[in-house]
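Descriptive analysis of the structure
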Amino acid sequence: MKVYVSFWLPEAPLNVLREKHEVIVNEKESLPSADELVAQLADADAFLCVGSRVDSSVLDRVGDRLKVIANWGVGYNNIDADYAAGKGIMVTNTPDVLTETTADMAWALLMAVARRVVEADAYVRAGQFQGFKPFAMLGSDVWGKTIGIVGFGRIGQAVGRRALGFGMKVLYYDAVRLSPESEKELSATYVDLDTLVKVSDFVSLHVPLVDDTRHLIDAARLSTMKPTAFLVNAARGPVVDEQALLDALRDGKIAGAGLDVFEREPEVTPGLLELSNVVLAPHIGSGTWETRTNMAHVAVRNIIAALDGETPPNLVNKPSAV
Ligand code: NAP
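The residue count restarts for each chain, going from 1 along the sequence in the order it is written. It should be noted that, the model being predicted, local features are given only for residues of pLDDT at least 70 and side-chain atom pairs only at 80 or more, the latter also being counted only at that level, while totals for whole chains, interfaces and linings use all residues. The basis for every side-chain value is the complete set of heavy atoms in the structure, and neither hydrogens nor water enter the calculation.

1. Quick look at the pattern of salt bridges
For side chains bearing opposite charge, pairing can occur when the charged atoms are close. Here, a salt bridge means any Lys or Arg side-chain nitrogen found within 4 Å of an Asp or Glu carboxyl oxygen. Counted by the stated rule, this structure contains 19 salt bridges. The partner of arginine 18 in a salt bridge is glutamate 11, and the shortest N-O contact between them spans 2.9 Å. Type-normalised accessible area, obtained with a 1.4 Å probe on protein chains alone, sets the label of each residue: buried when under 20%, exposed when over 50%, and partly exposed for intermediate values. Residue classification places arginine 18 among the partly exposed residues on the basis of a relative accessible area of 35%. Given a relative accessible area of 40%, glutamate 11 falls into the partly exposed group. The salt bridge partner of arginine 162 is glutamate 100, with a shortest N-O separation of 2.9 Å. Here glutamate 100 lies in helix α5 (residues 99–114) and arginine 162 lies in helix α7 (residues 154–165), a separation of 62 residues in the sequence. Arginine 162 sits in the buried class, given a relative accessible area of 19%. The exposure class of glutamate 100 is partly exposed, given its relative accessible area of 35%. Residues joined by salt bridges that share partners form a network here, namely Glu100, Asp104, Arg161 and Arg162. Numbering of helices and strands starts at the N terminus; helices are DSSP runs of H or I of at least 4 residues and strands are runs of E of at least 2.

Here's what the structure looks like:
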């Protein structure tokens, strides 16, 4: 059967697919256009989706053979999974294998912005380090502070475990409150979102992008954060109103931000690029060689299961025909 892969992936997982199926990989340096995608999916049985947007206008034009779209990523807001379900197409994702790696990146952003690592690096490179100055380039403490984690699922909890190692108080907000046993095990306290935003020294976002979480952090919420607090977003850009964040940073309503994701990627709201209290990364939360290869292995397993007529391990929708 034919499997289309929309961006280059490591050979090891692709070779597993090739044992059973014909694999066509987009060889370009960029993602296929919607028309190229539709042309490839006209006779494909499976689609290993690496960053492509698959909305209803694409799904209306794919061939009848398409059984599964295996997203290479845990967040699948790039795919209209419900619409796909209506057409009997399974959608799968790649949870778990990227949890710790993405939590590491959120932590890296948090540390970098609090301790001004990027600014300090630029300062030394520019030859400005002329000798130790006791009160130059001071940052904010991380240890012992309060972190508020928004979305306390796999990655949010992994961030919470890291925070405990720094002696931090862990608050969380999630659509569903954990059991008292889990809260005790994770030393985490549930609070409502408004309280979390008000009292936290660090707010770290780990919700999926869905209708309810779009602009969850807006001007109103930013205005209630402490002026000494930092925002970290390694979830999805549109969870934050990026213009409101820029305004809050400029007006000193918050102290800084660490951003791995942006509202209109790859565009970055221009003013952000000029601010020194923001650390920016190009959507590399899961970006280690090991993890991104493992994500491909998981996507491949989902495709093989689906094409074998089984329910794939990471099915996220309920296709009418399954
Ligand atoms: P997860 O285990 O499903 O955790 C997400 C948590 O958010 C769940 O507990 C979920 O609750 C909760 N949630 C959903 N809607 C909510 C709402 N409206 N308000 C409050 N909480 C809500 O997912 P994960 O594996 O931790 O991944 C989280 C997100 O991180 C992904 O969706 C993805 O977008 C992002 N991510 C980014 C990168 C990157 O490269 N920067 C890498 C990996 C993941 P329910 O389970 O009850 O829905």
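2. Notes on the packing of helix α1 (residues 11–18) against helix α13 (residues 289–307)
Interhelical geometry of α1 versus α13 gives an angle of 10° and a closest axis separation of 8 Å. The orientation of α1 with respect to α13, classified from their angle, is roughly parallel. Mapping the contact onto sequence places Ala12, Pro13, Val16 and Leu17 in α1 and Thr293, Ala296, His297, Val300, Ile303 and Ile304 in α13. In this analysis an axis means a line fitted to C-alpha atoms, helices contributing only their contacting stretch, and an angle means the value between N-to-C directions, from 0 to 180 degrees. Any angle that is under 35 degrees is reported as roughly parallel, and any over 145 degrees as roughly antiparallel; angles of 65 to 115 degrees are reported as roughly perpendicular and all others as oblique. Two residues form a contact once any of their heavy atoms are found within 4.5 Å.

3. Considering the nonpolar core
We define the nonpolar core as a collection of buried residues of types Ala, Val, Leu, Ile, Met, Phe, Trp, Tyr and Cys that are connected through side-chain atoms lying within 4.5 Å of one another. Within the largest apolar cluster, 51 residues are counted, with the highest numbers of intra-cluster contacts made by Val5, Leu48, Ile147 and Ile303. For this core, the leading source of residues is α5, giving nine residues. What fixes the domain bounds is an automatic or database domain assignment. Domain assignment of the residues forming this core places at least three in each of domain 1 (2–97 + 289–307) and domain 2 (99–280). Core analysis: the second largest hydrophobic core is formed by 32 residues, Leu231, Ala244, Leu245 and Leu246 among them.

4. Notes on unusual backbone geometry
The residue after glutamate 265, namely proline 266, is reached through a cis peptide bond having omega 5°. Counting through the fold element by element, proline 266 comes out in the loop between β11 (256–259) and α12 (270–273). Even without a glycine there, the phi angle at serine 187 is positive, about 45°. One can find serine 187 in the loop between α8 (180–185) and β8 (188–190). Under the relative-accessibility criterion, serine 187 is labelled partly exposed at 42%.

5. Observations regarding the layout of surface pockets
A cavity here means a set of 1 Å grid points, computed over protein atoms only, where a 1.4 Å probe fits but cannot escape. A pocket is an open set with protein on both sides within 12 Å along at least 5 of 7 lines, and lining residues have an atom within 4 Å of a point. Grid points are joined across faces, edges and corners, and a volume is the space filled by probe spheres set on the points. Estimated volume of the second largest pocket: approximately 210 Å³. Taken together, 20 residues line the second largest pocket, and the ones lying closest to its centre are Val113, Glu119, Ser276, Asn277 and Val278. Of all the secondary structure elements, the ones that give two or more residues to the lining of the second largest pocket are α5, α6 (117–125), α12 and β12 (278–280). Any residue that is not Ala, Val, Leu, Ile, Met, Phe, Trp, Tyr, Cys, Pro, Asp, Glu, Lys or Arg is counted as polar, Gly included; the first ten are nonpolar and the last four charged. A class-by-class count of the residues in the lining of the second largest pocket yields 14 nonpolar, four polar and two charged.

6. Looking at the site of the ligand
The rule for a residue being near a molecule or strand is that one of its heavy atoms must lie within 4 Å of it. Taken together, 26 residues lie near the ligand, and Arg154, Ile155, Asp174, Ala234 and Asp260 sit nearest. Definition of a polar contact: a pair of N or O atoms within 3.5 Å, with one able to donate and the other able to accept a hydrogen when the atoms are protein atoms, and with sequence-neighbouring residues admitted only if both atoms are side-chain atoms. In the model, an oxygen atom of the ligand is placed 3.2 Å from a nitrogen or oxygen of the glycine 285 main chain. Reported accessibility uses the Shrake-Rupley method at a 1.4 Å probe radius. Residues are deemed covered only where the shown protein chains occlude them. Burial of the ligand by the surrounding chains reaches 82%, relative to a free accessible area of 920 Å². The residue makeup of the shell around the ligand, split by class, is twelve nonpolar, nine polar and five charged.

7. Things to note about the pairing of strand β2 (residues 22–25)
Alternating residues of β2 divide into Val23 and Val25, all buried, and Glu22 and Ile24, none buried. With four bridges joining them, strand β1 (residues 2–5) and β2 adopt parallel strand pairing. For tyrosine 4, the partnering residue across the bridge sits in β2 and is isoleucine 24. Viewed with both strands pointing away, a crossover whose connecting path from the first strand over the helix to the second turns clockwise is right-handed. The handedness of the β1 to β2 crossover, carried by α1, is right-handed. The rule for pairing is simple: two strands pair if DSSP sees at least two bridges between them.

8. Describing the sheet that holds β12
Read across the open sheet, the seven strands follow the order β8-β7-β6-β9-β10-β11-β12; overall the sheet is parallel. The sheet is open, and its two borders are formed by β8 and β12, each paired with just one other strand. Taken over all neighbouring pairs, the strand axes of this sheet differ in orientation by 20° on average, direction set aside. In terms of strand pairing, strand β10 (residues 230–233) meets β11 through four bridges, oriented parallel. Residue pairing in the sheet places asparagine 233 in a bridge with leucine 259 of β11. Sitting on the sheet, α7 is in contact with β6 (146–150), β7 (169–173) and β9 (202–205), with an inclination near 170° to β6. Helix α11 (residues 242–250) contacts β10, β11 and β12 of the sheet and is inclined by roughly 145° relative to β11.

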